[in-house]
Amino acid sequence: MGLLRTLLIGRSSGLRSRICQRLRGAKAPPASPDRGTSGTPGENAGWGARPPAAEPALGLSPEAPKDVTPPSGYEVVLHKDALPAGRVVEIIIGGTAIAVANVAGTFYACTNTCPHAGGPLGEGSLQGSLLTCPYHGWIYDLIDGSCKTNPDIVLTMYDVVVEKDAVCVRI
Ligand code: FES
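The residue numbering used here restarts from 1 in each chain and proceeds along that chain's sequence as written. Local features are withheld for residues below a pLDDT of 70 in this predicted model, meaning they are given only at 70 or higher, and side-chain atom pairs are given and counted only at 80 or more; totals for whole chains, interfaces and linings count all residues. Hydrogens are left out, water is left out, and the side-chain values use all remaining heavy atoms of the structure.

Asks: Would you mind showing me how to read the overall build of the chain here?
Replies: Secondary structure follows DSSP: runs of H or I at least 4 residues long count as helices, runs of E at least 2 residues long count as strands, and numbering of each begins at the N terminus. From N to C terminus, the chain includes 2 helices and 9 strands. Each helix and strand of the chain, placed in order from N terminus to C terminus, yields the pattern α-α-β-β-β-β-β-β-β-β-β. Only protein chains enter the accessibility calculation, which uses a 1.4 Å probe; a residue is then buried when its area is under 20% of its type maximum, exposed when over 50%, and partly exposed in between. The burial tally for the chain puts 43% of its 171 residues in the buried class. Long-range pairs, those at least 24 residues apart, make up 45% of the contacts in the chain with a sequence separation of at least 6. Surface exposure of the chain reaches about 8300 Å², of which carbon and sulfur atoms provide 53%. It only takes one pair of heavy atoms within 4.5 Å for two residues to be counted as in contact. Note on areas: Shrake-Rupley with a 1.4 Å probe; residue coverage comes only from the protein chains shown.

So, in structure tokens, the structure goes:
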């Protein structure tokens with residue numbers, strides 16, 4: 001039953017579960033300390049900071065700068081200091097779920113949906129530029145979107161710029 005629930009609505013602290021909880025008006029559950037999300041953004045950290053088009057920030061601090069005008073076509077997704085190096089987070093922006101990662105100080109953004117079977121990549125683990133999907137372990141290189149597990153697959157990547165303190169993504 002636990003596996004079926006995970007496949008249908010994701011993990012209890014995952015993005016889909018948090019969306020359901022928010023729709024029900026419930027408070028998001030505290031992060032599980034064994035998953036390295038105790039109050040700081042990171043693997044499986046969840047919500048992103050909130051620019052006008054993004055979902056509300058839950059746990060990412062500092063919040064996205066509100067005084068930054070992103071380049072044309074870009075949206076502010078989070079404060080550059082809200083996501084430490086080596087961490088990845090899910091963010092919904094303009095109705096699209098993306099995963100944003102900090103690879104040694106350089107930010108990358110890709111679809112949050114794993115091409116294999118829809119796993120939430122923003123809940124994956126990051127080692128260097130390699131992002132591992134939490135569902136079945138497919139590995140993607142965020143430098144170029146290549147899939148190390150299946151060379152026929154290329155991850156959808158989004159352009160990222162850092163404007164002042166704001167990480168901006170072009171969806
Ligand atoms: S859903 Fe990502 S590896 Fe299967």
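Asks: I'm lost on the pattern of salt bridges in this one. Help?
Replies: A side chain with one charge may pair with a side chain of the opposite charge, provided their charged atoms come close. By definition, a salt bridge exists where a carboxyl oxygen of Asp or Glu is found within 4 Å of a side-chain nitrogen of Lys or Arg. In the structure shown here, the tally under the stated rule is 4 salt bridges. The closest approach of N and O atoms between R170 and D159, which form a salt bridge, is 2.3 Å. Placement of R170 in strand β9 (residues 166–170) and of D159 in strand β8 (residues 157–163) is noted, with a sequence separation of 11 residues between them. With a relative accessible area of 37%, R170 lands in the partly exposed category. By relative accessible area, which is 39% here, D159 ends up partly exposed. Connected through salt bridges with shared partners, the residues K80, D81 and D165 form a single ionic network.

Asks: What's the story with the side chain of H79 in this structure? I'm lost.
Replies: Position of H79 among the secondary structure elements: in strand β1 (residues 74–79). Given a relative accessible area of 10%, H79 falls into the buried group. Think of a polar contact as two N or O atoms within 3.5 Å of one another; within protein, one of them needs to be a possible hydrogen donor and the other a possible acceptor, and neighboring residues in sequence only count if both atoms come from side chains. From its side chain, H79 meets the backbone nitrogen of D81 in a polar contact 2.9 Å long.

Asks: What is the right way to read the sheet that holds strand β5 (residues 125–127) from this model?
Replies: The strands making up a sheet associate through hydrogen bonds between their backbones, and the pairing can be parallel or antiparallel. For two strands to be treated as a pair, DSSP must find at least two bridges joining them. Spatial ordering of the open sheet is given by β5-β6-β7, a layout of 3 strands whose pairing is antiparallel. Across the chains shown, the open sheet's two edge strands, defined by having one partner strand only, are β5 and β7 (139–141). Direction aside, neighbouring strands of the sheet carry axes that sit 25° apart on average. As paired elements, strand β6 (residues 130–132) and β7 share 3 bridges and run antiparallel to each other. Bridge pairing links L130 to D141 in β7. Every angle, taken between N-to-C directions, lies between 0 and 180 degrees, and every axis is a line fitted to C-alpha atoms, over only the stretch in contact when it is a helix.

Asks: Would you mind showing me how to read the confidence of the model for the chain here?
Replies: Note: predicted coordinates in regions of low pLDDT should not be interpreted at a detailed level. Residue-level confidence of the predictor is what pLDDT reports, using numbers from 0 through 100. Confidence in the prediction for the chain averages 78 pLDDT; 65% of positions are at 70 or higher. Under a pLDDT of 50 for its full length, residues 1–8 has, in the predicted model, 8 contacts with residues more than four places off or in other chains. Below pLDDT 50 for its whole length, residues 22–58 participates in 99 contacts with residues either more than four positions away or in separate chains.

Asks: So what exactly am I meant to see when it comes to the nonpolar core here?
Replies: Where a protein is soluble and globular, its nonpolar side chains tend to be buried together. Residues belong to one nonpolar core when they are buried, are Ala, Val, Leu, Ile, Met, Phe, Trp, Tyr or Cys, and are joined through side-chain atoms within 4.5 Å. Residues C110, L121, L126, L131, Y140, L142 and L155 are the most contacted members of the largest nonpolar core, which totals 17 residues. Among the elements of the structure, β3 (96–103) and β4 (106–111) are those that each provide at least two residues to this core. With 3 residues, β3 is the largest single contributor of residues to this core. Not counting chain neighbours up to four residues away, the residues in contact with Y140 comprise C114, P115, H116, L121, S129, L130, L131, G145, S146, C147, I153 and L155. Residues L60, L78, F107 and V167 belong to the second largest nonpolar core, which totals 15 residues.

Asks: Help me understand the pairing of β3, please; the structure alone is not making it clear to me.
Replies: Moving residue by residue along a regular strand, the side chains alternate between the two faces of the sheet. Most of β3 is tucked away, with 6 of its 8 residues classed as buried. Pairing between strand β2 (residues 88–93) and β3: 6 bridges, direction antiparallel. Considered in β3, the bridge of V89 is made with V100. Where β2 folds back on β3, the antiparallel hairpin that results is connected by 2 residues, among which G94 adopts a positive phi of roughly 55°. Across 6 bridges, β3 lies against β4 in antiparallel orientation. Residue pairing across strands places A99 opposite C110, the latter belonging to β4. Where β3 folds back on β4, the antiparallel hairpin that results is connected by 2 residues, among which A104 adopts a positive phi of roughly 50°.

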